Amino acid sequence: MDRTLTLLGIESSCDDTAAAVVRERVGGRPEILSSEVAGQTALHEAFGGVVPEIAARAHAERLDGVIEAALQRAGIGLDDLDAVAVTAGPGLIGGVLSGVMLARGLAAARALPLVAVNHLAGHALTPRLTDGIDFPYLMLLVSGGHCQFLLVTGADGFRRLGGTIDDAPGEAFDKTAKLLGLPQPGGPAVEAEAVRGDPLRFRFPRPLLDREGCDLSFSGLKTALLRARDALVAEKGGITLQDRRDLCAGFQAAVAEVLAVKTARALDLAGLRPTALAVAGGVAANGVVRTALKSAAARACIPFLAPPLRFCTDNAAMIAWAGIERLRAGLPPSPEFVARPRWPLDEAAPALLGSGRKGAKA
């Protein structure tokens, strides 16, 4: 399409209810006119994790208000939109359905094209929204629900080079926090404790570094931390504050090293020189992980890109932008799509053997 495009994006795949308006003029840089996110941390805090039924109900209650706020902040109305883009999966199906049904209603009422977006494609294309990089680039998606290396070659071109065969890193961070009595979400809590910890006191395993390729595993790492904690409890009757800090630091160091080494292997497997190494997802906010990935990119002599933190986690600006990318590439709108709890980006790639509930979702 050779005209200005203004899209409303809607995201409700997990526990963040989000809406955003993104505009791109022909030949110009995209503008994020608004990006509203209503988190649900307080609703799930007492349960130690996201409860799907509570999340779905909260999305249904909040979507109208979040969309209205996004349109108001952007200074536009529904009649100023060129299309609506919505996350159609993967994710918690109740939340995905909440967003999809509302998007269908808006599109039908205003006769707007409706674009179904893969949530992971939103993350994978974010560096083009925030930094304007060219294809192809290597993307590491790393969060609580997924972890995979993707060679991104176009708006609908994603080749998976490797991924987790069990837990995603963010899930491992959450479970580590729970094992150590830290609040959720676990990533920020573990990182805060690790700042004052000794990463060398506990030498945790680096899973799958002895195997070729860039598949990952974090389940065993989490189990190793559990055993180290239990050994301390058996020896001393409990763990001290410094014990907890050292456990967090050792765990975080292991995750960062595994990701850095596997990233270097993914760069070798790409088969061409990527324009950059990009990272997205909630774990991309971790400072130690970022530093390790920057070093891997520097050794490969390519730029390292990480979107601003608010666009690393779930948001609707990435969904609106993915919709624009699809329309610009000539991919048709998708009015007959269905909500999908599982939706791999690279559908030609074989399933990751041994992947668990969240790993399979990704």
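Details of the structure are given in the entry above.
Parameters at a glance
- Residues numbered from 1 in each chain as written.
- Predicted model: local features only at pLDDT ≥ 70, side-chain atom pairs only at ≥ 80, totals over all residues.
- Heavy atoms only, no water.
- Core = buried A, V, L, I, M, F, W, Y, C linked by side-chain atoms within 4.5 Å.
- Buried < 20%, exposed > 50% of the residue type's maximum accessible area, 1.4 Å probe, protein only.
- Helix = DSSP H or I, 4+ residues; strand = E, 2+ residues; numbered from the N terminus.
- Contact = heavy atoms within 4.5 Å.
- Salt bridge = Lys/Arg side-chain N within 4 Å of Asp/Glu carboxyl O.
- Pairing = 2+ DSSP bridges.
- Axes fitted to C-alpha atoms, helices over the stretch in contact; angles between N-to-C directions.
- Disulfide = S-S within 2.5 Å.

Enquirer: Would you mind showing me how to read the nonpolar core here?
Expert: Grouped burial of nonpolar side chains is what soluble globular proteins tend to show. Counting 49 residues, the largest nonpolar core has L140, F149, F204, F218, L247, F251 and L259 as its most contacted members. Going through the elements one at a time, β6 (137-142), β7 (147-154), α5 (169-179), α6 (186-194), α7 (219-236), α8 (241-269), β9 (277-280) and α9 (287-299) are the ones with two or more residues in this core. Broken down by element, this core gets its largest block of residues, 12 residues, from α8. Not counting residues within four places of it along the chain, the set of residues in contact with L259 comprises L140, V142, C147, F149, L216, F218, V289 and L293.

Enquirer: Is there a simple way to explain the pattern of salt bridges in this structure?
Expert: Tallied over the entire structure, the rule returns 17 salt bridges. Across the pair D82 and R3 runs a salt bridge whose closest N-O atoms are separated by 2.8 Å. Placement of D82 in the loop between α2 (52-74) and β4 (83-89) and of R3 in the segment before β1 (5-11) is noted, with a sequence separation of 79 residues between them. On the basis of relative accessibility, which here comes to 39%, the residue R3 falls in the partly exposed class. Here E325 and R128 are joined by a salt bridge, their closest N and O atoms 2.5 Å apart. Taken together, the residues span a long stretch of sequence, with E325 in helix α11 (residues 317-328) and R128 in helix α4 (residues 119-130) at a distance of 197 residues. In this pair, the class of E325 matches that of R128, namely buried.

Enquirer: Hey, could you run me through the sheet that holds β1 in this one?
Expert: Across a sheet, paired strands are connected by hydrogen bonds in the backbone, their directions being either parallel or antiparallel. Across the sheet, which stays open at both edges, the five strands sit in the order β3-β2-β1-β4-β5 with mixed pairing between neighbours. The open sheet terminates on both sides in strands that have one partner only, identified here as β3 (31-39) and β5 (114-118). Averaged over all pairs of adjacent strands, the angle between their axes in this sheet comes to 20°, without regard to strand direction. Pairing analysis gives seven bridges linking β1 to strand β2 (residues 16-24), with the strands arranged antiparallel. Directly across from E11, in β2, lies its bridge partner A18.

Enquirer: Would you explain the sheet that holds β9 in this entry?
Expert: Spatially, β8-β7-β6-β9-β10 is the arrangement adopted by the five strands of the open sheet, whose pairing is mixed. In this open sheet, the two strands that pair with only one neighbour each are β8 (157-163) and β10 (304-305). Of the pairings in the sheet, the one linking β9 to β10 comprises two bridges and is parallel in character. From the neighbouring strand, A278 faces β10, where its bridge partner is L305. α4 rests against β6, β7, β8 and β9 of the sheet, and its axis sits at about 130° to β6. With respect to the sheet, α8 is in contact with β6, β7, β8 and β9, its orientation differing from that of β6 by roughly 150°.

Enquirer: It is not clear to me how the state of the cysteines should be interpreted in this structure. Could you clarify?
Expert: A covalent bond bridging the sulfur atoms of two cysteines is what the word disulfide describes. Using the criterion set out here, one finds zero disulfides in the structure. Left without a disulfide partner, C248 is nearest to the cysteine sulfur of C147, which lies 20 Å away. Looking at C248, the relative accessible area reads 0%, which means it is buried. C214 provides the cysteine sulfur closest to C301, a residue in no disulfide bond, and the two sulfurs are 20 Å apart.

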